[in-house]
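Observations on chain architecture
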Amino acid sequence: MGGRMSDTPDVVSVHLTQQQIELLERLKQRGDFGTEYSEVLLTCFRKYAEQFLGKGRFGNVGSA
Amino acid sequence: MTIPYGEIRDDFVLEPVSGKALPVYEGETLRIIQEVGGQCVDFNCFNLHDYKDYMSVGHMRRQGIRVVKGDYVLSAPPRSGLMMRIAEMAETCVTDLIGSRCSADLFEATWGFDSHTNCQDTLAESIGEYGLSPEDTHDSFNMWMNTGWDDRGRWDIRRNTGPKGDYVDLLALTDVLAVPIVCGSGDVTGISNFSLKPIRIQVYEKSAETESLVKEHLDRFGQLKGQRSPDQYRIKDIKVTRELTRDPAYEPQFVNYPLRFEDIEVELTEEDRRDLERLKAQVRVENDEDGIRYAVFTWYKANFSEPNPFANKSVRGD
């Protein structure tokens, strides 16, 4: 991001409902999305980027 | 037909403009046929054993505003029942789940008619045989109704494309009171090519194959906790007075209320940041947080949604 200091962590706080957390919990239970909600969020974000922004950083994710 | 039905147990013609309420039992199939061609058909549907459980065109629209072969006739929440399945439907049968049933006021206001055939009154007269009132009619599942809609929801009527002999088969997934009628607007609106024609109705008895198909559907889609029955309601009785009065002792029990929230912090890499900026350039999100929420739950829905007649069917199929 333009103007960002490279040694400053780029942290975003995401406000979620208990119902959204419930969905993250399901992914956490799978084990391959991370062990903390923050990791699960980032994993999903990156998979979105791959699937919808045309990136190729990650392998395909099958439908559950 | 792709699956064998039982024997025909009923076969009659609905002359213009009339209708008929008729029981169709689980596993049976209702066939609606273009006797001449080019006739719009309106359809209502009730649970035969509980008239308060009836078809919800609004919820059927989750399948698309033009349902096709393989889609379902669904009842309204809190029941959310599987009522019928469109077992057969030719592509020449254009359906419409947006247009409301025509009514006497429409023809009076638009054309100055003191009396004109209309679907509200035809439905009401048809269901009266079962003790139901004009207020028990509901939005129609419209068949052979070739409408066009723009993004603002304004509509136009196009030529009816149903040829003689075209038919729609509705397989009953539960016992229903089916109400097919000849739409009464088509002589002046053009929805039936400026003429009113008969339709033929047939009912096929169940077969081993249709019974098996019904069981398959109910096993797969009839087991949701969200499909509730009156014994689960806080207020179980059907109100018998028309006047509304407040119950001062009533306390609503909203779902998951008060809702709890949690803030989760995520640390983005430089590549994540570039992706988030790309997303923000493509999607109208408010800020970084909104963008991440959008991405996460858009991705979740696209990849973890079970195909189900009660779920929204989007353009992407998720």
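Notes on the structure in this doc start here.

Calculation criteria
- Residues numbered from 1 in each chain as written.
- Chains lettered and ligands numbered in written order.
- Predicted model: local features only at pLDDT ≥ 70, side-chain atom pairs only at ≥ 80, totals over all residues.
- Heavy atoms only, no water.
- Helix = DSSP H or I, 4+ residues; strand = E, 2+ residues; numbered from the N terminus.
- Expected span 1.5 Å × (residues − 1).
- Buried < 20%, exposed > 50% of the residue type's maximum accessible area, 1.4 Å probe, protein only.
- Arc of directions from axis to C-beta.
- Contact = heavy atoms within 4.5 Å.
- Core = buried A, V, L, I, M, F, W, Y, C linked by side-chain atoms within 4.5 Å.
- Salt bridge = Lys/Arg side-chain N within 4 Å of Asp/Glu carboxyl O.
- Pairing = 2+ DSSP bridges.
- Buried area = accessible area lost by both parts, 1.4 Å probe.
- Polar contact = N/O pair within 3.5 Å; in protein donor to acceptor, adjacent residues only side chain to side chain.

Focus: helix α4 (residues 208–221) of chain B
Residues and elements named next belong to chain B. Its 14 residues place the ends of α4 20 Å apart at the C-alpha level, agreeing with the 20 Å of an ideal helix rising 1.5 Å per residue. All of the buried residues along α4 are Thr-210, Leu-213, Val-214, His-217 and Phe-221. Looking straight down α4, one finds its buried side chains confined to an arc of 100 degrees; they lie on one side. Seen from the open side of α4, the exposed residues pointing more than 90 degrees away from its buried face are Ala-208 and Lys-215. The elements touched by buried residues of α4 are β3 (29–34), β6 (72–74), β7 (82–89) and β11 (167–172).

A look at the nonpolar core
Residues Leu-30, Ile-32, Phe-43, Met-84, Phe-141, Met-143 and Leu-170 of chain B are the most contacted members of the largest nonpolar core, which totals 44 residues. The leading source of residues in this core is β7 of chain B, at 6 residues. Leu-170 of chain B has contacts with Glu-28, Thr-29, Leu-30, Ile-32, Phe-43, Met-84, Arg-85, Ile-86, Phe-141 and Met-143 of chain B, leaving out every residue within four places of it along the chain. If you look at the next biggest cluster of nonpolar residues, it comprises 30 residues, including Phe-33 and Cys-44 of chain A together with Ile-264 and Leu-279 of chain B.

A look at the pattern of salt bridges
All names here are of chain A. Summed over all chains, the structure comprises 27 salt bridges over all chains. With a shortest N-O distance of 3.5 Å, Arg-26 and Glu-22 are connected by a salt bridge. Of this pair, Arg-26 and Glu-22 both sit in helix α1 (residues 18–30), separated by 4 residues, roughly a single helical turn. With a relative accessible area of 46%, Arg-26 lands in the partly exposed category. Among the residues examined, Glu-22 registers a relative accessible area of 45% and is labelled partly exposed.

Digging into the environment of His-49 of chain B
All names here are of chain B. The topology assignment puts His-49 in the loop between β4 (41–47) and β5 (50–54). The exposure class of His-49 is exposed, given its relative accessible area of 58%. Separated by 128 residues in the primary sequence, His-49 and Leu-177 place their C-alpha atoms 8.8 Å from one another.

Here's the deal with the pairing of β3 of chain B
Successive side chains on a regular strand alternate, one facing one side of the sheet and the next facing the other. Residue and element names in this part refer to chain B. With 6 of its 6 residues buried, β3 lies for the most part within the structure. Covered by surrounding structure in β3 are Thr-29, Arg-31 and Ile-33 together with Leu-30, Ile-32 and Gln-34, the residues of both alternating faces. Judged from the 5 bridges that link them, β3 and β11 form a sheet pairing that is antiparallel. In the strand pairing of β11, Leu-30 is matched with Leu-170. Note: β3 against strand β13 (residues 199–204), 6 bridges, orientation antiparallel. Considered in β13, the bridge of Arg-31 is made with Gln-202.

Let's talk about the interface of chain A and chain B
Between chain A and chain B, the contact holds 40 residues from the first and 38 residues from the second. Approximately 4100 Å² of surface area, both sides summed, lies buried where chain A meets chain B, with 61% of it carried by carbon and sulfur atoms. The interface formed by chain A and chain B includes 2 salt bridges. Put simply, Asp-10 of chain A and Arg-273 of chain B hold a salt bridge, and the shortest N to O gap is 2.7 Å. Run the count over chain A and chain B and you get 14 residue pairs in polar contact (both at pLDDT 80 or more). Those elements that provide at least two residues to the side of chain A that touches chain B are β1 (10–17), α1 and α2 (37–52) of chain A. Take the side of chain A that touches chain B: its biggest share by element is 12 residues, from α2 of chain A.

All quantities given are derived from atomic positions and should not be read as evidence of function.
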